[in-house]
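So you can see what is in the structure, the chains are spelled out below.
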Amino acid sequence: MEILSQNKETMAYRKASRRVKELKEFYGNLTSYCLVIPFLAVLNFMTSPGYLWFLWPMLGWGIGIGFHALNVFGLGKSWEEKKIRELMDQENRKTKTL
């Protein structure tokens, strides 16, 4: 019984560790965006104020951050976890009937 408890704790630790890594990567990406885009905007206004080229990287990177946020906080993880539980339940039902 103790081994099962330790195994559950290890799995919970690994899951929490992965979640912290995902959050850290997202916030690192967001921080980089918040530092680089204003730098590009200033550079753009200093070199060629007639054409706002910094909007293109801002838009592209912003879309990437949006998808990253969906994956970390929204659609991605909850769907994956639900599907994993569903498949595990199906497998458990199959092994119990055998």
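Residues numbered from 1 in each chain as written. Predicted model: local features only at pLDDT ≥ 70, side-chain atom pairs only at ≥ 80, totals over all residues. Heavy atoms only, no water.

## Looking at the overall build of the protein
What counts, and what does not: Here a strand is any run of E in DSSP of at least two residues, a helix any run of H or I of at least four, and the numbering for each starts at the N terminus. To sort residues, take the accessible area from a 1.4 Å probe on protein chains only and compare it with the maximum for the residue type: under 20% means buried, over 50% means exposed, and anything in between is partly exposed. The contact criterion used throughout is that any non-hydrogen atoms of two residues lie within 4.5 Å. The Shrake-Rupley method, run with a 1.4 Å probe sphere, supplies the accessible areas, and residue values consider only the shown protein chains as cover.
For the protein, the count of helices and strands is 3 helices and 0 strands. Taking all 98 residues of the protein together, 11% fall into the buried category. Long-range contacts, defined here as pairs at least 24 residues apart, represent 61% of the contacts in the protein between residues at least 6 apart. By element, 68% of the accessible surface of the protein is carried by carbon and sulfur atoms, the whole surface being about 8200 Å².

## What about a nonpolar patch on the surface?
What counts here: For patch detection, residues must exceed 30% relative accessible area and be free of salt bridges, and they are connected within 9 Å for like charges or within 5 Å for nonpolar side chains (Val, Leu, Ile, Met, Phe, Trp, Tyr). Criterion for a salt bridge: a side-chain nitrogen of Lys or Arg within 4 Å of a carboxyl oxygen of Asp or Glu.
A cluster of nonpolar side chains, contributed by Tyr51, Trp56, Leu59, Ile63, Phe67, Leu70 and Leu75, occupies part of the molecular surface with about 820 Å² of accessible area. For the nonpolar patch, the element with the most residues is helix α2 (residues 55–73), which contributes 5 residues. Along the chain, Leu75 falls in helix α3 (residues 75–97).

## Some remarks on the side chain of Asn44
Quick reminder of the rule: N or O atoms within 3.5 Å of each other form a polar contact, as long as, within protein, one can give a hydrogen and the other can take it, and as long as residues adjacent in sequence are counted only when both atoms are side-chain atoms.
As for its placement among the helices and strands, Asn44 is situated in helix α1 (residues 2–47). From its side chain, Asn44 meets the backbone nitrogen of Phe54 in a polar contact 3.3 Å long. Apart from the residues within four sequence positions on either side, Asn44 is in contact with Pro49, Tyr51, Leu52, Trp53 and Phe54.

## Re the nonpolar core
A general tendency of soluble globular proteins is for nonpolar side chains to be buried together. Put simply, the rule reads: Buried residues of nine kinds, namely Ala, Val, Leu, Ile, Met, Phe, Trp, Tyr and Cys, make up a nonpolar core once their side-chain atoms join them within 4.5 Å.
If you look at the biggest cluster of nonpolar residues, it comprises 8 residues: Phe26, Tyr33, Ile37, Leu40, Ala41, Phe54, Ile65 and Val72. For this core, the secondary structure elements donating two or more residues are α1 and α2. Broken down by element, this core gets its largest block of residues, 5 residues, from α1.

## Quick notes on the pattern of salt bridges
Overall, the coordinates contain 2 salt bridges when judged by the stated rule. One salt bridge in this structure joins Arg19 and Glu22, with 3.8 Å as the shortest N-O distance. Of this pair, Arg19 and Glu22 both sit in helix α1, 3 residues apart, which is roughly one turn of the helix. According to the relative accessible area criterion, Glu22 is buried, its value standing at 19%. In this structure, Lys21 engages Glu25 in a salt bridge whose closest nitrogen and oxygen atoms are separated by 3.9 Å. With a gap of 4 residues between them, Lys21 and Glu25 both fall in helix α1, about one helical turn apart. Among the residues examined, Glu25 registers a relative accessible area of 43% and is labelled partly exposed.

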